[in-house]
Amino acid sequence: MFAIFVSVMKRLLVISYWIVSTLLVAICLSSLGYRFIEALFIGTMFLPGALAAKYFFPKVNFKNRWSGIKDTIFVVLGIMLGEILLFLVAHFCVLTFRENLPGSVVDWPDLPHILENPVFIAIFLTTLATGCHFFESWLDRKLPDLPGTISFTSDRKQVTLPIDDILYVESNDDATAIVASGGRRFKNYTPISRWEAILDPHFIRIHRSFLVNRAAITHVDVDLLYIGDIQLPISRKYKNSVPTN
(Lines give C-alpha, C1' and ligand atoms only; values in the text may rest on other atoms or scores of the structure.)
Protein backbone atom coordinates (compact mmCIF):
# COMPACT_ATOMS: atom_id res chain seq x y z
CA MET A 1 0.00 0.00 0.00
CA PHE A 2 2.83 2.40 0.88
CA ALA A 3 4.51 1.67 -2.47
CA ILE A 4 1.28 2.68 -4.26
CA PHE A 5 1.08 5.87 -2.18
CA VAL A 6 4.68 6.79 -3.10
CA SER A 7 4.01 6.08 -6.78
CA VAL A 8 0.85 8.23 -6.80
CA MET A 9 2.64 11.02 -4.93
CA LYS A 10 5.43 11.04 -7.52
CA ARG A 11 2.92 11.24 -10.36
CA LEU A 12 1.08 14.15 -8.72
CA LEU A 13 4.33 16.03 -8.18
CA VAL A 14 5.36 15.51 -11.81
CA ILE A 15 1.95 16.81 -12.93
CA SER A 16 2.50 19.81 -10.64
CA TYR A 17 5.84 20.40 -12.37
CA TRP A 18 4.15 20.63 -15.76
CA ILE A 19 1.43 22.94 -14.42
CA VAL A 20 3.98 25.33 -12.90
CA SER A 21 6.12 25.18 -16.06
CA THR A 22 3.10 26.06 -18.22
CA LEU A 23 2.33 29.05 -15.99
CA LEU A 24 5.93 30.28 -16.31
CA VAL A 25 5.81 29.87 -20.09
CA ALA A 26 2.52 31.81 -20.15
CA ILE A 27 4.17 34.69 -18.26
CA CYS A 28 6.90 34.78 -20.94
CA LEU A 29 4.36 34.69 -23.78
CA SER A 30 2.35 37.54 -22.24
CA SER A 31 5.10 39.87 -23.48
CA LEU A 32 4.13 38.99 -27.08
CA GLY A 33 0.82 40.85 -26.84
CA TYR A 34 -1.39 38.02 -25.59
CA ARG A 35 -3.66 38.36 -22.57
CA PHE A 36 -2.57 36.02 -19.77
CA ILE A 37 -5.38 33.52 -20.38
CA GLU A 38 -4.46 33.54 -24.08
CA ALA A 39 -0.77 33.12 -23.27
CA LEU A 40 -1.67 30.24 -20.97
CA PHE A 41 -3.55 28.54 -23.81
CA ILE A 42 -0.65 29.12 -26.23
CA GLY A 43 1.78 27.88 -23.56
CA THR A 44 0.03 24.52 -23.30
CA MET A 45 1.05 23.95 -26.92
CA PHE A 46 4.62 23.42 -25.69
CA LEU A 47 3.57 20.39 -23.65
CA PRO A 48 3.09 17.88 -26.52
CA GLY A 49 6.54 18.69 -27.93
CA ALA A 50 8.26 18.58 -24.53
CA LEU A 51 6.63 15.26 -23.64
CA ALA A 52 7.47 13.85 -27.09
CA ALA A 53 11.11 14.93 -26.67
CA LYS A 54 11.24 13.39 -23.19
CA TYR A 55 9.75 10.14 -24.48
CA PHE A 56 11.45 9.66 -27.86
CA PHE A 57 15.01 10.98 -27.43
CA PRO A 58 16.06 8.41 -24.78
CA LYS A 59 14.93 5.69 -27.19
CA VAL A 60 17.18 6.80 -30.04
CA ASN A 61 19.79 4.05 -30.43
CA PHE A 62 23.31 5.06 -31.46
CA LYS A 63 24.71 1.54 -31.74
CA ASN A 64 24.55 2.31 -35.44
CA ARG A 65 25.78 5.91 -35.50
CA TRP A 66 24.22 6.92 -38.81
CA SER A 67 20.93 5.29 -37.95
CA GLY A 68 20.94 7.15 -34.62
CA ILE A 69 21.67 10.47 -36.34
CA LYS A 70 18.90 9.85 -38.88
CA ASP A 71 16.39 8.96 -36.16
CA THR A 72 17.38 12.08 -34.20
CA ILE A 73 16.82 14.29 -37.25
CA PHE A 74 13.40 12.73 -37.88
CA VAL A 75 12.37 13.20 -34.24
CA VAL A 76 13.53 16.85 -34.22
CA LEU A 77 11.80 17.67 -37.50
CA GLY A 78 8.60 15.93 -36.43
CA ILE A 79 8.49 17.75 -33.11
CA MET A 80 9.32 21.15 -34.64
CA LEU A 81 6.75 20.88 -37.44
CA GLY A 82 4.15 19.64 -34.99
CA GLU A 83 4.82 22.51 -32.58
CA ILE A 84 4.64 25.20 -35.27
CA LEU A 85 1.36 23.74 -36.51
CA LEU A 86 0.00 23.74 -32.94
CA PHE A 87 1.01 27.38 -32.47
CA LEU A 88 -0.71 28.38 -35.72
CA VAL A 89 -3.92 26.61 -34.73
CA ALA A 90 -3.82 28.03 -31.19
CA HIS A 91 -3.16 31.57 -32.50
CA PHE A 92 -6.12 31.24 -34.88
CA CYS A 93 -8.33 30.06 -31.99
CA VAL A 94 -7.25 33.03 -29.85
CA LEU A 95 -8.07 35.53 -32.61
CA THR A 96 -11.40 33.83 -33.30
CA PHE A 97 -12.27 34.09 -29.61
CA ARG A 98 -11.32 37.78 -29.57
CA GLU A 99 -13.47 38.45 -32.64
CA ASN A 100 -16.52 36.93 -30.96
CA LEU A 101 -16.21 39.16 -27.89
CA PRO A 102 -18.87 41.91 -27.82
CA GLY A 103 -17.56 45.21 -29.16
CA SER A 104 -14.12 43.93 -30.05
CA VAL A 105 -12.31 44.70 -33.27
CA VAL A 106 -9.57 42.28 -34.34
CA ASP A 107 -7.00 43.14 -37.02
CA TRP A 108 -5.90 39.49 -37.24
CA PRO A 109 -2.16 39.92 -36.59
CA ASP A 110 0.19 37.20 -37.76
CA LEU A 111 1.65 34.62 -35.42
CA PRO A 112 4.64 36.18 -33.57
CA HIS A 113 7.80 35.29 -35.46
CA ILE A 114 9.44 34.00 -32.30
CA LEU A 115 6.86 31.19 -32.20
CA GLU A 116 7.99 30.17 -35.68
CA ASN A 117 11.66 30.23 -34.70
CA PRO A 118 13.03 26.66 -34.35
CA VAL A 119 15.82 27.82 -32.04
CA PHE A 120 13.39 29.48 -29.62
CA ILE A 121 11.10 26.45 -29.69
CA ALA A 122 14.04 24.06 -29.18
CA ILE A 123 15.31 26.05 -26.17
CA PHE A 124 11.91 25.99 -24.48
CA LEU A 125 11.30 22.31 -25.21
CA THR A 126 14.78 21.30 -24.07
CA THR A 127 14.41 23.31 -20.87
CA LEU A 128 11.02 21.75 -20.06
CA ALA A 129 12.04 18.17 -20.88
CA THR A 130 15.43 18.40 -19.13
CA GLY A 131 13.89 20.06 -16.09
CA CYS A 132 11.36 17.23 -15.81
CA HIS A 133 14.14 14.64 -16.08
CA PHE A 134 16.13 16.18 -13.21
CA PHE A 135 12.99 16.71 -11.15
CA GLU A 136 12.04 13.03 -11.53
CA SER A 137 15.60 12.00 -10.61
CA TRP A 138 15.37 14.18 -7.50
CA LEU A 139 12.02 12.60 -6.61
CA ASP A 140 13.53 9.12 -6.98
CA ARG A 141 16.20 10.08 -4.44
CA LYS A 142 13.81 11.74 -2.01
CA LEU A 143 10.94 9.23 -2.43
CA PRO A 144 12.63 5.92 -3.21
CA ASP A 145 10.62 2.78 -3.76
CA LEU A 146 10.29 0.37 -0.89
CA PRO A 147 13.50 -1.62 -0.30
CA GLY A 148 13.47 -4.74 -2.41
CA THR A 149 10.85 -3.45 -4.86
CA ILE A 150 11.00 -1.64 -8.17
CA SER A 151 8.37 0.29 -10.11
CA PHE A 152 8.17 0.70 -13.88
CA THR A 153 5.66 1.23 -16.68
CA SER A 154 4.39 -1.66 -18.78
CA ASP A 155 1.67 -1.24 -21.41
CA ARG A 156 0.81 2.19 -19.92
CA LYS A 157 0.28 0.70 -16.47
CA GLN A 158 2.40 1.21 -13.36
CA VAL A 159 3.87 -2.07 -12.11
CA THR A 160 5.61 -2.62 -8.76
CA LEU A 161 7.49 -5.88 -8.28
CA PRO A 162 9.78 -7.31 -5.62
CA ILE A 163 13.24 -7.41 -7.17
CA ASP A 164 13.55 -11.06 -6.15
CA ASP A 165 10.56 -11.88 -8.39
CA ILE A 166 12.41 -10.71 -11.51
CA LEU A 167 14.28 -13.59 -13.16
CA TYR A 168 15.94 -11.72 -16.01
CA VAL A 169 15.68 -8.70 -18.30
CA GLU A 170 15.85 -9.20 -22.06
CA SER A 171 16.59 -6.51 -24.63
CA ASN A 172 14.62 -6.67 -27.90
CA ASP A 173 15.65 -3.81 -30.19
CA ASP A 174 14.05 -0.67 -28.70
CA ALA A 175 12.06 -2.53 -26.03
CA THR A 176 12.95 -4.65 -23.03
CA ALA A 177 11.11 -7.57 -21.48
CA ILE A 178 11.07 -8.01 -17.72
CA VAL A 179 10.52 -11.71 -17.06
CA ALA A 180 9.29 -12.53 -13.56
CA SER A 181 8.46 -15.70 -11.67
CA GLY A 182 5.20 -17.44 -12.47
CA GLY A 183 5.62 -16.85 -16.21
CA ARG A 184 4.89 -13.14 -15.93
CA ARG A 185 6.34 -10.97 -18.68
CA PHE A 186 6.25 -7.17 -18.84
CA LYS A 187 7.13 -4.91 -21.76
CA ASN A 188 9.13 -1.77 -21.02
CA TYR A 189 11.13 0.79 -23.02
CA THR A 190 13.96 1.52 -20.58
CA PRO A 191 17.29 0.44 -22.18
CA ILE A 192 18.91 -2.64 -20.69
CA SER A 193 21.99 -0.57 -19.77
CA ARG A 194 19.74 1.53 -17.55
CA TRP A 195 18.22 -1.60 -16.02
CA GLU A 196 21.74 -2.84 -15.31
CA ALA A 197 22.50 0.33 -13.34
CA ILE A 198 19.18 0.18 -11.46
CA LEU A 199 19.39 -3.51 -10.51
CA ASP A 200 23.09 -3.65 -9.65
CA PRO A 201 24.38 -5.56 -7.64
CA HIS A 202 21.47 -8.03 -7.59
CA PHE A 203 21.81 -8.79 -11.32
CA ILE A 204 24.67 -9.62 -13.67
CA ARG A 205 25.03 -9.05 -17.40
CA ILE A 206 25.65 -12.29 -19.31
CA HIS A 207 24.99 -11.05 -22.83
CA ARG A 208 24.30 -7.76 -24.54
CA SER A 209 20.64 -8.80 -24.53
CA PHE A 210 20.35 -10.45 -21.11
CA LEU A 211 20.58 -9.29 -17.51
CA VAL A 212 20.06 -12.07 -14.97
CA ASN A 213 19.09 -12.23 -11.31
CA ARG A 214 22.02 -13.82 -9.46
CA ALA A 215 19.70 -15.56 -7.01
CA ALA A 216 17.67 -17.16 -9.82
CA ILE A 217 20.61 -18.96 -11.49
CA THR A 218 20.29 -22.73 -11.11
CA HIS A 219 23.08 -24.00 -13.38
CA VAL A 220 25.89 -22.67 -15.56
CA ASP A 221 27.28 -24.57 -18.54
CA VAL A 222 30.13 -23.57 -20.85
CA ASP A 223 28.18 -21.05 -22.90
CA LEU A 224 24.74 -21.38 -21.34
CA LEU A 225 23.08 -20.25 -18.14
CA TYR A 226 19.95 -21.88 -16.73
CA ILE A 227 17.13 -20.46 -14.65
CA GLY A 228 15.14 -23.59 -14.00
CA ASP A 229 14.15 -24.80 -17.48
CA ILE A 230 14.99 -21.43 -19.07
CA GLN A 231 18.20 -21.46 -21.10
CA LEU A 232 20.06 -18.22 -21.81
CA PRO A 233 23.29 -17.67 -23.82
CA ILE A 234 26.51 -16.39 -22.24
CA SER A 235 28.59 -14.18 -24.51
CA ARG A 236 32.39 -14.22 -24.45
CA LYS A 237 32.49 -10.58 -23.33
CA TYR A 238 30.63 -11.29 -20.08
CA LYS A 239 31.83 -14.84 -19.42
CA ASN A 240 34.22 -13.88 -16.60
CA SER A 241 31.43 -12.18 -14.64
CA VAL A 242 29.24 -15.31 -14.57
CA PRO A 243 29.61 -17.42 -11.41
CA THR A 244 30.66 -21.03 -11.93
CA ASN A 245 28.94 -24.00 -10.34
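Just above sits the structure.
So, here's what we can say about the structure.

Here is what the cut-offs are and how they apply
- Residues numbered from 1 in each chain as written.
- Predicted model: local features only at pLDDT ≥ 70, side-chain atom pairs only at ≥ 80, totals over all residues.
- Heavy atoms only, no water.
- Helix = DSSP H or I, 4+ residues; strand = E, 2+ residues; numbered from the N terminus.
- Rg over C-alpha atoms; globule rule 2.2 N^0.38 Å.
- Buried < 20%, exposed > 50% of the residue type's maximum accessible area, 1.4 Å probe, protein only.
- Contact = heavy atoms within 4.5 Å.
- Areas by Shrake-Rupley, 256 points an atom, 1.4 Å probe, with all protein chains shown as cover.
- Lys, Arg positive; Asp, Glu negative; His and termini not counted.
- Charge placed at Lys NZ, Arg CZ, Asp CG, Glu CD.
- Salt bridge = Lys/Arg side-chain N within 4 Å of Asp/Glu carboxyl O.
- Pairing = 2+ DSSP bridges.
- Core = buried A, V, L, I, M, F, W, Y, C linked by side-chain atoms within 4.5 Å.
- 1 Å grid on protein atoms, 1.4 Å probe; cavity = no way out; pocket = protein on both sides within 12 Å on 5 of 7 lines; lining within 4 Å.
- Points joined across faces, edges and corners; volume = space filled by probe spheres on them.
- Phe/Tyr/Trp six-rings, centres within 6.5 Å; stacked < 30°, edge-to-face > 60°.
- Axes fitted to C-alpha atoms, helices over the stretch in contact; angles between N-to-C directions.

Before going further, it helps to examine the overall build of the protein. Helix and strand counts for the protein come out as six helices and ten strands. The C-alpha atoms of the protein give 24 Å as radius of gyration, which overshoots the globular expectation for 245 residues (18 Å, by more than 25%). In terms of principal-axis extent, the alpha carbons of the protein reach across some 85 × 45 × 25 Å. Counting over 245 residues, the protein shows a buried share of 38%. Once local pairs closer than 6 in sequence are excluded, the contacts in the protein between residues at least 24 apart make up 49%. As displayed, the protein offers around 14,900 Å² of accessible surface, 64% of which is attributable to carbon and sulfur atoms. Once the 23 positive and 21 negative side-chain charges of the protein are each reduced to a mean point, those two points are 5 Å apart.

Our next topic: the pattern of salt bridges. Scanning the entire structure with this criterion turns up seven salt bridges. Here Asp165 makes a salt bridge to Arg184, at a shortest N to O gap of 3.2 Å. In this pair, Asp165 sits in the loop between strand 2 (157–162) and strand 3 (166–172) while Arg184 sits in strand 5 (residues 184–188), placing the two residues 19 residues apart along the sequence. Judged by relative accessible area, which is 30%, Arg184 ranks as partly exposed. Among the ionic pairs, Lys239 bridges to Asp223, the shortest N-O distance being 3.3 Å. Here Lys239 is found in the segment after strand 10 (230–233), whereas its partner Asp223 is found in the loop between strand 8 (219–220) and strand 9 (224–227), with 16 residues between them in sequence.

Within the open sheet, the three strands sit side by side as 8-9-10. Their pairing is antiparallel. Each edge of the sheet is formed by a strand with only one pairing partner; in this case those strands are strand 8 and strand 10. Judged from the four bridges that link them, strand 9 and strand 10 form a sheet pairing that is antiparallel. Paired with Ile227 across the two strands is Ile230, which belongs to strand 10.

A positive phi angle is found at Asp155, which is not glycine, with a value near 50°. Position of Asp155 relative to the elements: it lies in the loop between strand 1 (149–154) and strand 2. Asp155 gets classed as exposed once you look at its relative accessible area, which sits at 58%.

Turning our eyes to something else, we now look at the nonpolar core. Of all hydrophobic cores here, the largest spans 30 residues; its most connected members are Trp18, Leu29, Tyr34, Ile42, Phe46, Phe87 and Leu115. Of all the secondary structure elements, the ones that give two or more residues to this core are helix 1 (2–29), helix 2 (36–43), helix 3 (46–56), helix 4 (65–99) and helix 5 (118–142). Take this core: its biggest share by element is eight residues, from helix 5.

Right, let's talk about the layout of surface pockets for a bit. If a probe as big as a water molecule is rolled over the atoms, it shows which places are left empty. The calculated volume of the second largest pocket comes to roughly 250 Å³. Lining the second largest pocket are 16 residues, and of these Asn61, Lys63, Asp173, Pro191 and Ile192 lie nearest its centre. When contributions to the lining of the second largest pocket are tallied by element, the ones reaching two or more residues are strand 4 (175–180) and helix 6 (192–199).

Turning our eyes to something else, we now look at the packing of aromatic side chains. Per the counting criterion, the structure on display carries eleven aromatic pairs. Relative to Phe124, the ring of Phe120 lies with its centre 4.6 Å away and its plane at 40°, an arrangement referred to as tilted. Taken together, the positions of Phe120 and Phe124, both in helix 5 and four residues apart, correspond to about one turn of that helix. Of the two residues, Phe120 and Phe124, neither departs from the other in class, the shared state being buried. Ring centres of Phe152 and Trp195 lie 5.5 Å apart, and the angle between their planes is 75°; this geometry places the pair in the edge-to-face category. Note that Phe152 is positioned in strand 1 and Trp195 in helix 6, a separation of 43 residues in sequence. Note on Trp195: relative accessible area 2%, which makes it buried. Taken together, the ring pairs connect Tyr17, Trp18, Phe135 and Trp138 into an aromatic cluster.

Moving on, we come to the sheet that holds strand 6 (residues 203–207). An order of 5-4-3-7-6 is seen for the five strands of this open sheet, with the pairing classed as antiparallel. Each edge of the sheet is formed by a strand with only one pairing partner; in this case those strands are strand 5 and strand 6. Across the sheet, the mean angle separating the axes of adjacent strands is 20° when strand polarity is ignored. With four bridges joining them, strand 6 and strand 7 (residues 210–213) adopt antiparallel strand pairing.

All right, on to the pairing of strand 7 then. Residue alternation in strand 7 divides its side chains into two sets, Phe210 and Val212 and Leu211 and Asn213, and both sets are buried. As defined by bridge partners, strand 3 adjoins strand 7 across three bridges and the pair is classed as antiparallel. Counted as the bridge partner of Glu170 is Phe210 from strand 7. Adjacent in sequence and paired antiparallel, strand 6 and strand 7 are bridged by two residues.

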